[in-house]
Amino acid sequence: MDLPLNPFKAALRRSEPLYGIWAGFATPYAAEIIATTGYDWMLVDGEHAPNTVPTLLAQLQAVAPYATHPVVRAVHGDAVLMKQLLDAGVQTLMVPMVETAEQARALVQAMRYPPHGIRGVGGGLTRATRWDAVPDYIRTAHEQLCLVVQIESRLGVENAAEIAAVDGVDAVFIGPADLSTGMGHAGDASQPEVQDCIRRTIETTLAHGKACGILAPREEDARRYTEWGCRFVAVAIDISLMRQAAVANLARYRAPSQPAIVSTTY
């Protein structure tokens, strides 16, 4: 069996934008529904959704037959957790709250086997190797793994050039909610100084030859960030879509008790 290809990693090298959706229901059934809708990628969230390694594995299995590529976000950059996720078959891993090049280099080490890293060898125990059916996995795994680091603080923005320059970091993803909140604007990324930080991070990332992504559920934001150079943009959140549709549907029959708010702070 050949090493499974990572179409998302390959697509990041092209110029067309990749449109994604946040998958936060933490169930394989909901993830599979999302995978049938045609988005280029989906973020299976292990940070803020109530996911564990087994639930993430179940979602990977559920969406495997579909073209939508699962990007898994870890709860943090712990090397032991990353090892479990990679062994479960995660090909594209996003790690939140990366603020320094030192952190980024440690994450790259966790993605790779010795002598180039510290990832432990699971061999025939792991789905990643298709239970030892993939020949020479240890020597070739890095070719199809994709590391996305999240910049979502002022310090991360200040160090964006050094982070993007780290060999083994494939892409940078900006977190507008945490960034704006950390800058004193409580989730309001529309503030000019936050927008300036976002644009500078995009430009810095691109200048180092890396792809940049962002979460932007509002259409005007998504289009602006795409114009600025973002290569992969999450334009929807499944939980928000369901809630908005449910509120709007009820409003057809009686006056809503509260407006259907479009979430921008996930």
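Procedures and definitions
Residues numbered from 1 in each chain as written. Predicted model: local features only at pLDDT ≥ 70, side-chain atom pairs only at ≥ 80, totals over all residues. Heavy atoms only, no water. Helix = DSSP H or I, 4+ residues; strand = E, 2+ residues; numbered from the N terminus. Buried < 20%, exposed > 50% of the residue type's maximum accessible area, 1.4 Å probe, protein only. Pairing = 2+ DSSP bridges. Axes fitted to C-alpha atoms, helices over the stretch in contact; angles between N-to-C directions. Salt bridge = Lys/Arg side-chain N within 4 Å of Asp/Glu carboxyl O.

- Per an unreviewed UniProt entry, the chain goes by HpcH/HpaI aldolase/citrate lyase family protein and derives from Comamonas koreensis.

Topic: unusual backbone geometry
Logical step 1: For the peptide bond that leads from P114 to P115, omega is 5 degrees, which places it in the cis range.
Logical step 2: On the secondary structure map, P115 appears in the loop between α5 (101–111) and α6 (137–140).
Logical step 3: With a phi angle near 65 degrees, A26 is a residue other than glycine that sits in the positive phi range.
Logical step 4: Classification of A26 as buried rests on a relative accessible area of 12%.

Here's the deal with the sheet that holds strand β3 (residues 69–73)
Logical step 1: Sheet architecture is closed into a barrel: eight strands sit in the order β1-β2-β3-β4-β5-β6-β7-β8, paired in parallel fashion. Across the sheet, the axes of successive neighbouring strands diverge by a mean angle of 25 degrees, strand direction being ignored.
Logical step 2: By the bridge criterion, five bridges tie strand β2 (residues 41–45) to β3 in an arrangement that is parallel. Bridging across to β3, M42 finds its partner in P70.

Focus on the pattern of salt bridges
Here the idea is simple: oppositely charged side chains can pair when their charged atoms come close.
Logical step 1: Summed over the entire model, instances satisfying the criterion amount to eleven salt bridges.
Logical step 2: Residue E219 is joined to R223 by a salt bridge in which the shortest nitrogen-to-oxygen separation is 2.8 Å. Placement of both E219 and R223 in helix α11 (residues 219–228) is noted, with a separation of four residues, approximately one turn of the helix. Across the pair, exposure class does not vary: E219 and R223 are exposed alike.
Logical step 3: A salt bridge links D221 to R224; the shortest N-O distance between them is 2.7 Å.

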